[in-house]
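Here is what each chain is made of, one letter per residue.
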Amino acid sequence: MSDYPVPTYTTTVTQSDVTLIATVTVIGRDLLITITGGDHPHIGDVLTLTKDQPIQTIRYPSHDNRFHKDDLLALPSAKALQPLLPGSCTILAGLHIDHISKVQIQAALDLSHKLAPKLTTWLKHQTFATSRPHYYGPDESPA
């Protein structure tokens, strides 16, 4: 096991009384990103991706037989980060504002596009100096 500091990065964007908070945690060569905000931050949707694999989305159930739509807040960042990824990336997204207005919905969507360049700029300046894992060869197995 290695004892290395876990690099993190947090940024916020605000418009029309809506704030999105993005936090990136580096785990080896992988990224765990949360995009949350509002009166009741939560995990509504999960996006997974790598540089070479398509973005996959899991939407959790919401209320009244609906599903969350928080992937709309994560998708701009996922698309922007994808060609730069050193490993895998998981994005957890959830914003809930009580009695959200149409102006606030649009603000949240606008803000999601403002987060993407902040996250890509941060990622471009990172060095992933962790060693790559070693695997057993075809004629090897654990002792």
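Residues numbered from 1 in each chain as written. Predicted model: local features only at pLDDT ≥ 70, side-chain atom pairs only at ≥ 80, totals over all residues. Heavy atoms only, no water.

The name given to the chain in an unreviewed UniProt entry is Prenylated flavin chaperone LpdD-like domain-containing protein, with Lacticaseibacillus rhamnosus as the source organism.

Okay, the overall build of the chain next. A count of helical and extended segments in the chain gives two helices and six strands. Along the chain, from the amino end to the carboxyl end, the secondary structure elements read β-β-β-β-β-α-β-α. Sorting the 143 residues of the chain into buried and exposed places 34% on the buried side. Counting contacts in the chain only where the partners sit at least 6 residues apart, residues at least 24 apart contribute 67% of the total. Here the chain has roughly 9000 Å² of accessible surface; of this, 55% comes from carbon and sulfur atoms. Here the chain contributes 11 positively and 13 negatively charged side chains, and the mean placements of these two sets differ by 9 Å. (Helix = DSSP H or I, 4+ residues; strand = E, 2+ residues; numbered from the N terminus. Buried < 20%, exposed > 50% of the residue type's maximum accessible area, 1.4 Å probe, protein only. Contact = heavy atoms within 4.5 Å. Areas by Shrake-Rupley, 256 points an atom, 1.4 Å probe, with all protein chains shown as cover. Lys, Arg positive; Asp, Glu negative; His and termini not counted. Charge placed at Lys NZ, Arg CZ, Asp CG, Glu CD.)

What the rule picks out here adds up to one salt bridge. The residue Arg59 makes a salt bridge to Asp71 at a minimum N-O spacing of 2.9 Å. With Arg59 in strand E5 (residues 56–59) and Asp71 in helix H1 (residues 71–81), this pair connects stretches of sequence that are twelve residues apart. (Salt bridge = Lys/Arg side-chain N within 4 Å of Asp/Glu carboxyl O.)

Residues annotated in UniProt with the feature "domain: Prenylated flavin chaperone LpdD-like" (unreviewed entry) correspond here to residues 15–124. For residues 15–124, helix accounts for 31% and strand for 34%, while the C-alpha atoms at its two ends are 26 Å apart. (UniProt positions renumbered as here; feature names shortened; annotations may be inferred.)

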